[in-house]
Amino acid sequence: MIQTIAFYLFATLVIASAALTIVARNPVHSVLWLILSFFNAAGLMVLVGAEFIAMLLVIVYVGAVAVLFLFVVMMLDIDFAELRAGYAQYLPFGVLLVLVLSAEMIFAVSAWSAGGIALSASVAPVPEGVPNIEALGTLIYTRYLFIFEGAGLVLLVAMIGAIVLTHRTRSGTRPQNVSQQVKRRPQDAVRKIDQPVGQGMDL
Amino acid sequence: MASVAAGYLPILLFLGVALALSTAFVLLPMLVSKATGSSNPYADKLAEYECGFPAFEDSRAQFDVRFYLVAILFIIFDLEAAFLYPWAVSLGAIGFGGWLAMMIFLAELTLGFVYAWKKGALEWE
């Protein structure tokens with residue numbers, strides 16, 4: 001009973017906040033609605049029993065990806081009123097995209113209801129009595145090992161690409177040089193003088 | 001799979017309590033101010049202000065692109081940590097091959113980390 005109520009609550013909130021993500025005029029509000037949508041999707045994942053995926057959604061999507069989206073929104077210097085002015089111009093293209101997507105959905109749903117798609121045959125069987133995260137771990141690091149290493153390479157490429165694209169050395173800055181600071185001895189910086197009375201000081 | 005979700009029931013209850021309390025904290029003062037007749041919004045009262053004076057500029061100031069670099073480095077090491085959890089839990093079952101796979105994965109990302117360090121991408125200046 002509670003599970004059914006929770007499912008309908010989360011599912012409604014996912015769809016509603018996803019719709020608001022698209023409809024919201026302010027892009028910052030869009031990102032905030034997207035975060036709400038991620039949280040509710042995590043709730044749905046918990047209901048299915050995939051708790052590790054749920055936690056991953058919260059940690060990676062809410063904690064990192066949404067922050068990245070916010071940064072991107074804040075970094076772009078776009079006049080959003082000007083952006084919306086091209087509505088009529090992009091309308092045919094948008095309608096075409098909607099047609100393609102809805103056709104895909106109709107095909108998928110009708111193929112599903114026609115039967116013949118044995119989805120459970122192609123996915124790995126869920127082992128009984130093993131926690132979700134453990135079952136996932138035994139699969140990722142054995143059966144899907146090369147895909148996992150490929151994911152590591154993709155992350156490496158992403159890191160190097162981000163550094164190459166956005167990093168530039170700035171001239172005129174004075175960064176802290178720790179080894180130079182540590183190397184400096186008192187005799188380099190301090191001078192003891194016996195100052196005679198009545199004479200000016202020599203610096 | 002109902003047993004997994006049932007373990008999260010207390011969190012759902014807490015969420016409900018939090019939702020009820022926060023709704024009460026927002027709505028009750030509004031209702032009270034409406035009921036007692038002290039609700040009197042006008043343009044100056046509704047305008048945003050910082051430290052008591054009118055705001056200088058739009059709240060959406062443009063960010064430096066350096067924040068983006070920090071965020072993307074954070075995502076990558078966040079994902080690395082996320083991959084470590086299932087590996088650590090199932091280390092007994094996956095054996096030496098699984099251990100080696102994670103070591104190679106870590107080496108790949110360490111390579112990127114060394115690159116970022118040497119390039120000075122981690123320095124803020």
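Treat the numbers as computed from the prediction; the structure is a model and nothing was measured.

**Here we look at the domain arrangement of chain A**
Interface size, as often reported, equals the accessible area lost upon joining of the parts. Here chain A is partitioned into domain 1 (1–80 + 91–119) and domain 2 (130–166). Placing a centre on the C-alpha atoms of domain 1 of chain A and another on those of domain 2 of chain A gives a separation of 23 Å.

**Regarding the interface of chain A and chain B**
With 55 residues of chain A at the interface, the matching set in chain B holds 54 residues. Carbon and sulfur atoms supply 76% of the area that chain A and chain B bury against each other, a total of about 4,900 Å² over both sides. On the chain A side of the contact with chain B, M75(A), Y141(A) and M159(A) bury the most area, a combined 14% of that side's loss. Counting every contact that joins chain A to chain B gives zero salt bridges.

**Quick notes on helix α1 (residues 2–23) of chain A**
The end-to-end C-alpha separation of α1(A) is 31 Å, in line with the 32 Å expected for 22 residues at 1.5 Å each. Within the sequence span of α1(A), burial applies to A6(A), F10(A), A11(A), V14(A), S17(A) and T21(A). Down the axis of α1(A), the smallest arc covering the buried residues is 140°, so these residues share one side. Of the exposed residues in α1(A), the ones pointing more than 90 degrees away from its buried face are I5(A), Y8(A), T12(A), I15(A), I22(A) and V23(A). The secondary structure elements touched by the buried residues of α1(A) are α2 (27–48) of chain A together with α2 (9–36) of chain B.

**Examining the nonpolar core**
Of all hydrophobic cores here, the largest spans 29 residues; its most connected members are Y141(A), F148(A), L69(B), M102(B) and F105(B). Put simply, the parts of the chain that give this core at least two residues each are α3 (51–75), α7 (132–143) and α8 (145–166) of chain A together with α4 (66–89) and α5 (91–119) of chain B. Every residue in contact with F148(A), bar those within four places of it in the chain, is listed here: I140(A), Y141(A), F83(B), A101(B), M102(B) and F105(B).

**Digging into the environment of G137(A)**
Turning to its location among the elements, G137(A) is positioned in helix α7. For the pair G137(A) and G63(A), spaced 74 residues apart in sequence, the C-alpha to C-alpha distance is 22 Å. In this structure G137(A) touches P86(B), S90(B) and I94(B), once residues within four positions along its chain are discounted.

**Notes on the side chain of E149(A)**
By the element assignment, E149(A) lies in helix α8. Here E149(A) sits buried without a salt bridge, and the closest side chain of opposite charge, R143(A), lies 16 Å off (N-O distance). Discounting chain neighbours no more than four positions away, the residues touching E149(A) are A101(B), I104(B), F105(B) and E108(B).

**Regarding the packing of α7(A) against α5(B)**
Packing of α7(A) against α5(B) leaves a shortest axis separation of 9 Å and a crossing angle of 65°. Crossing handedness for the pair α7(A) and α5(B): left-handed. Residues G137(A), T138(A), Y141(A) and T142(A) of α7(A) lie in contact with α5(B), whose contacting residues are A93(B), I94(B), G98(B) and M102(B).

**Regarding the UniProt feature "transmembrane region" (unreviewed entry) in chain A**
Those places that UniProt annotates as "transmembrane region" (unreviewed entry) correspond, in this numbering, to residues 6–24, 31–50, 56–78, 90–112 and 144–165 of chain A. Spanning residues 90–112 of chain A, this segment combines 100% helix with 0% strand, and its end C-alpha atoms are found 33 Å apart.

**Considerations on the confidence of the model for chain A**
Across chain A, pLDDT averages 84, with 90% of residues at or above 70. Averaged pLDDT values over the elements of chain A bottom out at 61 in helix α6 (residues 119–122) of chain A and peak at 92 in α1(A).

**Brief notes about the UniProt feature "transmembrane region" (unreviewed entry) in chain B**
All names here are of chain B. Residues given the UniProt feature "transmembrane region" (unreviewed entry) here are residues 6–28, 67–88 and 94–117. Taken as a whole, residues 67–88 contains 100% helix and 0% strand, while its terminal C-alpha atoms sit 32 Å from one another. Between the end C-alpha atoms of residues 94–117 there is a gap of 33 Å, over a span that is 100% helix and 0% strand.

**Regarding the packing of α8(A) against α4(B)**
Where α8(A) contacts α4(B), the two axes come as close as 9 Å, and the packing angle between them is 165°. Comparing the axis directions of α8(A) and α4(B) gives the class roughly antiparallel. Handedness of the crossing formed by α8(A) with α4(B): left-handed. Between α8(A) and α4(B), the residues in contact are F148(A), L155(A), A158(A), M159(A), A162(A), I163(A) and T166(A) and Y68(B), L69(B), I72(B), L73(B), I76(B), F77(B), L79(B) and F83(B), respectively. Classifying every residue of the contact of α8(A) with α4(B) by side-chain character gives 14 nonpolar, one polar and no charged.

**Some points on α5(B)**
Along its 29 residues, α5(B) runs just 35 Å from first to last C-alpha, ending more than 12% under the 42 Å computed at 1.5 Å per residue. Of all the bends in α5(B), the greatest measures close to 75° and is centred on G97(B). Turning to α5(B), its buried residues are I94(B), G98(B), A101(B), M102(B), F105(B), L106(B), E108(B), L109(B), G112(B) and A116(B). Its buried side turned inward, α5(B) meets α7 and α8 of chain A together with α4 of chain B.

Basis of the calculations
Residues numbered from 1 in each chain as written. Chains lettered and ligands numbered in written order. Predicted model: local features only at pLDDT ≥ 70, side-chain atom pairs only at ≥ 80, totals over all residues. Heavy atoms only, no water. Domains from an automatic or database assignment. Contact = heavy atoms within 4.5 Å. Buried area = accessible area lost by both parts, 1.4 Å probe. Salt bridge = Lys/Arg side-chain N within 4 Å of Asp/Glu carboxyl O. Helix = DSSP H or I, 4+ residues; strand = E, 2+ residues; numbered from the N terminus. Expected span 1.5 Å × (residues − 1). Buried < 20%, exposed > 50% of the residue type's maximum accessible area, 1.4 Å probe, protein only. Arc of directions from axis to C-beta. Core = buried A, V, L, I, M, F, W, Y, C linked by side-chain atoms within 4.5 Å. Lys, Arg positive; Asp, Glu negative; His and termini not counted. Axes fitted to C-alpha atoms, helices over the stretch in contact; angles between N-to-C directions. Left-handed = near helix turned anticlockwise from the far one by under 90°. UniProt positions renumbered as here; feature names shortened; annotations may be inferred. pLDDT = per-residue confidence, 0-100. Parallel < 35°, antiparallel > 145°, perpendicular 65-115°, else oblique. Nonpolar A, V, L, I, M, F, W, Y, C, P; charged D, E, K, R; others polar. Bend = angle between axes of the 7 residues up to and from the residue.

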